[in-house]
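Structural characterization, general
These are the residues of each chain, in order.
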Amino acid sequence: MSDPPEKSPKSKVQSPDSEKLADENEGLKSGGNAGEIAGETTEVVGASTGRFPRVPSVEPPRRDSGKSALMVGAGILLSRIIGVVRQRVFGHYLGISDPAGAFAAAFRIPNFLQNIFGEGALSGSFIPVYAKLLAQKDEKEAARVADAVFTLLALVTSVIVVIGVFTAPYIVSWIAWGFTGDTRELTIQLVRIFFPGAGLLVLSAWCLGVLNSHRRFFLSYTAPVVWNLAIIATLVWFGSTTDQARLAVLTAWGSVVGSALQFGVQLPTVFRLIKRVRPVLDVVSANVRQVIKNFFPVFISRGVVQMSACVDSMLASLISQQAVAALMYAQSLYTLPVSLFGMSVSAAELPEMSSAVGTSEDVAATLRKRLDAGLRRIALFIVPSVVAMLAL
């Protein structure tokens, strides 16, 4: 029997493509799948299994509101100390004279407008929206909202200033019922001088809102120092060389200059933060409408408080011009604890609470936690202050 023919050597040699195809077939036979061989994942994720890849959570950096409150408190303390010095210098040169009473009554105007349109209402309406946009990293929209609010404030305050200058006699009849003769005429003149300064103080409050939202607390609350210094400088410079009525008028002009300086010292930092400040007349965008919507409830609540102060001045004017001046000195002292401790904590907490992000439950929990901590801080300082004021 002849041996079987040997296989040709060519049959034992396989091409690289043949080897790859054989490997793939072997893999399929052993239970693999084509997707795995092609380099695809073998694990199904998502809705098919109910399991999703874990994404590391990114939490916003935690800020120490206690440190922010300390900066606000330091700024307010410095401003209040200079304010007490201002009152002391004012009392040295004008005492409780009739011009001092006229000055105190007219001085209600800048305080009224600043608290209604400025620090109180503007902080409560503008900062929540602006700080929220910053927390969401939408700096372009935040800048646009800031520009729109500044434009609206400038327009509204300009109209109010013009109206106030022309209606000063009627305003004096409202805030100083008991004033007659030369004291009333002096009060009318002072009201007309104070109105432009009040408009500048409102715009300065806009700077405060921007700075606080960016956590630049110290500058915003020490800016009133230059306003106080301008009044002190006017009193010292002219106090020994002019009569009291003329000195009251010059001091009012010194207050207007101080208002401009208070606004001006904040502008460079505000320009750096916003990058580009330009007039924008916008009342239709959602964020600007939200600021306007927030403004009116705060406006009304602040207005009630300011009306109470005006009623105090009205009643004091029925006693005498000197009583109005004495009331001004007393109010600068008894409001010190609230403005120092209450404002420092609330001003530091407002931007932090406005920046809370997450689900509604997370935001509510954050607000409750911060509100509770803020109230404890305020009570820690206010209660001993009340005891100290009673003791003194």
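For the structure itself, consult the block above.
These numbers were taken from a predicted model, which means no experiment stands behind them.

Taken N-terminus to C-terminus, the directions of helix 7 (residues 139-166) and helix 13 (residues 286-319) make an angle of 50°; their axes are 9 Å apart at the nearest point. Considering the angle they form, helix 7 stands oblique to helix 13. Considering how the two elements wind past one another, helix 7 and helix 13 form a crossing that is right-handed. Seen from helix 7, the contacting residues are Glu-141, Val-145, Ala-148, Val-149 and Leu-152; seen from helix 13, they are Asn-287, Val-288, Val-291 and Ile-292. In the contact of helix 7 with helix 13, the residues fall into 7 nonpolar, 1 polar and 1 charged.

Tallied over the entire structure, the rule returns 2 cavities of 30 Å³ or more. Approximately 40 Å³ is the volume attributed to the second largest cavity. For the second largest cavity, the full set of lining residues is Arg-86, Gln-87, Phe-103, Phe-107, Ile-231 and Met-328. Broken down by class, the residue content of the lining of the second largest cavity amounts to 4 nonpolar, 1 polar and 1 charged.

Before going further, it helps to spend a moment on the side chain of Arg-108. Residue placement: Arg-108 occurs in helix 6 (residues 108-135). Salt bridges are absent for the buried Arg-108, whose nearest opposite-charge side chain, Asp-312, sits at 5.8 Å. The residues touching Arg-108, leaving out its near neighbours within four places in the chain, are Ala-309, Ser-313, Leu-327 and Gln-331.

Turning to a nonpolar patch on the surface, a few remarks are in order. A cluster of nonpolar side chains, Trp-174, Trp-177, Met-307, Val-311, Leu-315 and Leu-318, forms an exposed patch at the surface whose accessible area comes to about 560 Å². In terms of residue count, helix 13 provides more of the nonpolar patch than any other element does, 4 residues in total. For Trp-174, the location among the structural elements is in helix 8 (residues 168-175).

Turning next to the packing of aromatic side chains. Within this structure, the stated rule accounts for 8 aromatic pairs. Relative to Trp-206, the ring of Phe-150 lies with its centre 4.7 Å away and its plane at 50°, an arrangement referred to as tilted. Of this pair, Phe-150 sits in helix 7 while Trp-206 sits in helix 9 (residues 181-213), and the two are 56 residues apart along the sequence. Members of the aromatic cluster, each reached through a chain of ring pairs, are Phe-90, Phe-103, Phe-107, Phe-194 and Trp-227.

What follows deals with the environment of Ala-104. On the secondary structure map, Ala-104 appears in helix 5 (residues 98-106). Accessibility expressed as a relative area gives 6% for Ala-104, which makes it buried. In contact with Ala-104, not counting residues within four places along its chain, are Val-324, Ala-325 and Met-328.

Attention now goes to the side chain of Ser-317. Within the secondary structure, Ser-317 sits in helix 13. Side-chain polar atoms of Ser-317 contact the backbone oxygen of Met-314, separated by 2.6 Å. Apart from residues lying up to four places away in sequence, Ser-317 is in contact with Ala-176, Trp-177, Gly-178, Phe-179 and Val-324.

Along its 15 residues, helix 11 (residues 224-238) runs 22 Å from first to last C-alpha, staying within 8% of the 21 Å computed at 1.5 Å per residue. Within helix 11 the residues assigned to the buried category are Pro-224, Val-225, Trp-227, Asn-228, Ala-230, Ile-231, Ile-232, Thr-234 and Leu-235.

Moving on: unusual backbone geometry. Positive phi is not limited to glycine here, since Lys-137 has a value of about 65°. Mapping Lys-137 onto the fold places it in the loop between helix 6 and helix 7. According to the relative accessible area criterion, Lys-137 is exposed, its value standing at 71%.

What follows is about the environment of His-214. Among the structural elements, His-214 can be located in the loop between helix 9 and helix 10 (217-222). For the pair His-214 and Tyr-130, spaced 84 residues apart in sequence, the C-alpha to C-alpha distance is 9.5 Å. Among residues more than four places away in sequence, those in contact with His-214 are Tyr-130, Leu-134 and Leu-273.

Conventions adopted
Residues numbered from 1 in each chain as written. Predicted model: local features only at pLDDT ≥ 70, side-chain atom pairs only at ≥ 80, totals over all residues. Heavy atoms only, no water. Axes fitted to C-alpha atoms, helices over the stretch in contact; angles between N-to-C directions. Helix = DSSP H or I, 4+ residues; strand = E, 2+ residues; numbered from the N terminus. Parallel < 35°, antiparallel > 145°, perpendicular 65-115°, else oblique. Left-handed = near helix turned anticlockwise from the far one by under 90°. Contact = heavy atoms within 4.5 Å. Nonpolar A, V, L, I, M, F, W, Y, C, P; charged D, E, K, R; others polar. 1 Å grid on protein atoms, 1.4 Å probe; cavity = no way out; pocket = protein on both sides within 12 Å on 5 of 7 lines; lining within 4 Å. Points joined across faces, edges and corners; volume = space filled by probe spheres on them. Buried < 20%, exposed > 50% of the residue type's maximum accessible area, 1.4 Å probe, protein only. Lys, Arg positive; Asp, Glu negative; His and termini not counted. Salt bridge = Lys/Arg side-chain N within 4 Å of Asp/Glu carboxyl O. Patch = residues over 30% accessible without salt bridge, like charges linked within 9 Å, V, L, I, M, F, W, Y side chains within 5 Å. Areas by Shrake-Rupley, 256 points an atom, 1.4 Å probe, with all protein chains shown as cover. Phe/Tyr/Trp six-rings, centres within 6.5 Å; stacked < 30°, edge-to-face > 60°. Polar contact = N/O pair within 3.5 Å; in protein donor to acceptor, adjacent residues only side chain to side chain. Expected span 1.5 Å × (residues − 1).

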